[in-house]
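Coordinate inspection notes
Next come the chains, spelled out residue by residue.
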Amino acid sequence: MRRFKLPKKSIFDGLSGRTPWHQDAAVLSTKGQKNTELLTVWIPFTKTTKKNGCMITIPGINKLGLLNHHSGYKGQVEIKNSDLLNSKKVVYLEADVGDVVLLHRHSAHCSIPNKSNSFRISADLRYNKAGQTSGREPLPSFYVKSKNKKNITVLNFKQWLALWEKAKEKCIPRKYAFKYPLPTYKNSKRDLSKLL
Ligand SMILES: O=C(O)CCC(=O)C(=O)O
Ligand SMILES: [Fe+2]
């Protein structure tokens, strides 16, 4: 996914403007939440700082496991009682072009508002262990490297794109993808208020 985080004078502070506290595993299907070892690879195309809305996280927070989420800020998937995280010592994930930010599936993270006058542009890719489901039906997984698939070698973007196009043929047509409800993890025993 590509993201354009809009500058401060923008009239639209919508979904691309801010991202609330969440864990990436929370939007996976039930099967994916159990079995998919998801790794988020976040790639900045513009230098990303506190001023233009970098992401923030809390060291070690992934050890709490998958937390309850609900439909929160502007309908986005958000950790329930995420206000409790604001009093914790956070780390600002500032990154330059050429860096990558790696996130564990249970790393709680959010991004702060863009207070600069320009766009913050990034892409985020999701990887999981070869053979696992992507955990998101409209976005199928495909092999880029596996010791059991020696015939697959991805050396350039064109090869990657060809594999992605082929994988997409098997998935829900794009025009229906927006109707696919984002699952949110809602098991009340995993509530942040009981775990912090
Ligand atoms: O770019 C952002 O502001 C948030 C990105 C994010 O949450 C993700 O890639 O998982
Ligand atoms: Fe995320």
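As the structure is a computational prediction, the values presented were derived from the model and not from experiment.

**Quick word on the nonpolar core**
Residues Trp 21, Met 55, Ile 79, Leu 93, Val 101 and Ala 108 are the most contacted members of the largest nonpolar core, which totals 15 residues. For this core, the secondary-structure elements that each account for two or more residues are strand 4 (55–57) and strand 8 (101–104). If we ignore the near neighbours within four places in the chain, the residues touching Leu 93 are Cys 54, Met 55, Ile 56, Thr 57 and Val 101.

**Topic: the environment of Asn 68**
Here Asn 68 shows up in the loop between strand 4 and strand 5 (69–71). The exposure class of Asn 68 is buried, given the 20 C-beta atoms found within 10 Å. Residues Asn 68 and Ser 82, 14 residues apart in the sequence, show an inter-C-alpha distance of 9.8 Å.

**A look at helix 2 (residues 157–169)**
Side chains that are three or four residues apart share a direction in an α-helix, a result of its 3.6 residues per turn. Look at helix 2: 19 Å from first C-alpha to last across 13 residues, which is about the 18 Å you get at 1.5 Å a residue. With respect to burial, helix 2 is a largely exposed element, only zero of its 13 residues being buried.

**A closer look at unusual backbone geometry**
Negative phi characterises most residues that are not glycine, and trans characterises most peptide bonds. One non-glycine residue, Asn 81, lies in the positive phi region at around 60°. Inspection of the secondary structure puts Asn 81 in the loop between strand 6 (77–79) and strand 7 (91–93). Classification of Asn 81 as partly exposed rests on a count of 17 C-beta atoms within 10 Å.

Reading the values: rules and limits
Residues numbered from 1 in each chain as written. Chains lettered and ligands numbered in written order. Predicted model: local features only at pLDDT ≥ 70, side-chain atom pairs only at ≥ 80, totals over all residues. Core = buried A, V, L, I, M, F, W, Y, C linked by C-beta atoms within 7 Å. Buried ≥ 20, exposed ≤ 12 C-beta atoms within 10 Å, placed from the backbone. Helix = DSSP H or I, 4+ residues; strand = E, 2+ residues; numbered from the N terminus. Contact = placed C-beta atoms within 7 Å. Expected span 1.5 Å × (residues − 1).

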